[in-house]
Amino acid sequence: MQLKETFERVKKASKSLALLSDTQRNDILLAVADAIVGQKDRILKANAEDLARMDKNNPLYDRLQLTEKRLEDIASDMRNVATLPSPLGHITKQKTLPNGLRLCRVSVPFGVIGMIYEARPNVTFDVFSLCFKSGNACVLKGGKDADASNRESVALIHEVLENYATSYPLKDVVALLPATHEATGEMLNAVGYVDLCIPRGGRKLIDFVRDTARIPVIETGAGVVNTYFDKDGDLEMGKKIINNAKTRRVSVCNALDCLIIHESRLNDLPALVEPLLTHTPPVTLYCDEQSFAAVANSTLYTLHATLIKHATDDSFGTEFMDYKMAIKTVGSLDEALAHIDMNGSGHSEAIITRDEQAARRFQAHVDAACVYWNAPTSFTDGAQFGLGAEIGISTQKLGPRGPMALEEITTYKWLIEGEGQIRK
């Protein structure tokens, strides 16, 4: 009953939010951004409570951690969202029928968006900024690992909203549910209150939400990411791309999980993976037979033997979210494409090659939201795409696909005007 009342308040507040002008929404976002920087100490203190409960060697520790620099970046992203054009009120189709009726299709908010996410406290601010800018209220359900950070972040947002509230009950346009499994279940059954649910996390979470929800769901997040180093790949470019895709942040969904290499380039494999083995912390490699032999016959093996292991069937198609990477050897572009078809998740895939024909074929064939040529998959990100922030990366085909920002969390309605026409 308590959560039902929360859902009711958010639903009611979503109607008030739709009455705000874009200028008013922007002013509030700028005020929240200022508060994030001005009151960073209270957020960092709460985050320290969360971090104290997690092992520093856990690869998710980095994803959970907020720093002064990361808070400044979050505030910068929020200010950027405030500068973006409003996604509301866009006329996407317009026509006059033979009977004189005037039809207009216009973009509008969904209403209330439910967000389920794990140890990612930055998501709290990202989701709020995008939902608020697009006229949507939001119900947030974070994981227990980040509960203190999320509660302090929402408390800060509420304080700003209360300062700006006039005749509209703005505080209730964002609500944080308890970090319990029961709260997740109630959100997924909040028919009539939550218009759309977006889970953001690992495959287990996303599968649970999809299989359990009685409200509409957009699948996001889970990323089994491959990069194919073609027979015509540039070695120096490949070293930089592979290292960046794997080690920039291993716990995010666009991180590289499997390097696919053409058999004619196995002699270059030691050079390709040396930056990974010498990285701090180093990356453990799970190699198929051919790639293992190529690395084992190099001086790298003498220095890093404990990091070079034989792959198993489970090594491929796994989202590691850790300093681990699989290596698969193929004899052709077709074999690389077949491997991705079998093991990819529809998130992000890449090819490194100087052969434009091979690259175009790769991009045409690969069934993923983002397909790269000579660039790392680490760019799959709403801010990097110039969308401001992102609410998630959709891996489904129905509705939005790839990084979801303002336009992707709006829907539309038809407005019809007449002069008394009746249908015969």
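Use the structure listed above.
Residues numbered from 1 in each chain as written. Predicted model: local features only at pLDDT ≥ 70, side-chain atom pairs only at ≥ 80, totals over all residues. Heavy atoms only, no water.

Enquirer: Can you help me understand the side chain of Thr6 in this one?
Expert: By the element assignment, Thr6 lies in helix H1 (residues 2-17). Overall, the relative accessible area of 12% leaves Thr6 in the buried class. Excluding residues that lie within four positions of it along the chain, Thr6 makes contacts with Ala175 and Leu177. (Helix = DSSP H or I, 4+ residues; strand = E, 2+ residues; numbered from the N terminus. Buried < 20%, exposed > 50% of the residue type's maximum accessible area, 1.4 Å probe, protein only. Contact = heavy atoms within 4.5 Å.)

Enquirer: In this structure, what is going on with the nonpolar core? I would like to understand it.
Expert: Within soluble globular proteins, side chains that are nonpolar tend to cluster in buried spots. Counting residues in hydrophobic clusters, the biggest one holds 66 residues, and the most contacted among them are Val32, Ile36, Phe128, Phe132, Leu161, Ile198 and Ile391. Dropping the residues within four chain positions of it, Val32 is found in contact with Met78, Phe128, Leu156, Ile157 and Val160. (Core = buried A, V, L, I, M, F, W, Y, C linked by side-chain atoms within 4.5 Å.)

Enquirer: Explain the pattern of salt bridges here, please?
Expert: As enumerated under the stated definition, the model contains 27 salt bridges in all. Between Arg151 and Asp147 there is a salt bridge whose closest N-O contact spans 3.0 Å. Remark: Asp147 and Arg151 occur in helix H7 (residues 147-164); sequence separation between them is 4 residues, near one turn of the helix. Taking relative accessible area as the criterion, Arg151 reaches 46% and is therefore assigned partly exposed. Taking the shortest distance from any N to any O, the salt bridge between Arg401 and Asp367 comes out at 2.7 Å. Of this pair, Arg401 sits in the loop between strand S14 (392-394) and strand S15 (402-404) while Asp367 is found in the loop between helix H15 (356-365) and strand S13 (370-373), placing the two residues 34 residues apart along the sequence. (Salt bridge = Lys/Arg side-chain N within 4 Å of Asp/Glu carboxyl O.)

Enquirer: How should I be thinking about the packing of aromatic side chains in this particular structure?
Expert: The relation between two aromatic rings is expressed through the spacing of the ring centres and the mutual angle of the planes. Scanning the model with the defined rule gives 4 aromatic pairs in all. Between Tyr286 and Phe320 the ring centres are 5.9 Å apart and the planes differ by 10°, which places this aromatic pair in the stacked class. Of the two residues, Tyr286 sits in strand S9 (residues 284-287) while Phe320 sits in the loop between strand S10 (308-310) and strand S11 (324-330), which places them 34 residues apart along the sequence. Across this residue pair, the class does not change: Tyr286 and Phe320 are buried. Relative to Tyr301, the ring of Phe292 lies with its centre 5.9 Å away and its plane at 75°, an arrangement referred to as edge-to-face. Directly above the aromatic system of Tyr412 lies the positively charged group of Arg105, at a separation of 4.5 Å from the ring centroid. (Phe/Tyr/Trp six-rings, centres within 6.5 Å; stacked < 30°, edge-to-face > 60°. Lys NZ or Arg CZ within 6 Å of the ring centre and 35° of its normal.)

Enquirer: Even after reading the chapter, I still don't get the sheet that holds strand S16 (residues 410-417), so can you show me in this structure?
Expert: Backbone-to-backbone hydrogen bonds join strands into a sheet, with any given pair of strands oriented parallel or antiparallel. Sheet architecture is open: 3 strands sit in the order S1-S2-S16, paired in antiparallel fashion. The strands lining the two open edges of the sheet, one partner per strand, are strand S1 (91-96) and S16. Along the sheet, successive strands turn relative to each other by an average axial angle of 20°, direction set aside. As paired elements, S1 and strand S2 (residues 102-109) share 5 bridges and run antiparallel to each other. Residue pairing across strands places Lys95 opposite Leu103, the latter belonging to S2. (Pairing = 2+ DSSP bridges. Axes fitted to C-alpha atoms, helices over the stretch in contact; angles between N-to-C directions.)

Enquirer: Explanation requested: unusual backbone geometry in the structure shown.
Expert: Residues Thr280 and Pro281 are joined by a peptide bond in cis, for which omega reads -5°. Summarising the element assignment, Pro281 is placed in the loop between helix H11 (269-277) and S9. In this structure, Met321 is a non-glycine residue whose phi angle is positive, near 50°. Inspection of the secondary structure puts Met321 in the loop between S10 and S11. Located in the positive-phi region is Asn374, a residue other than glycine, with phi close to 55°.

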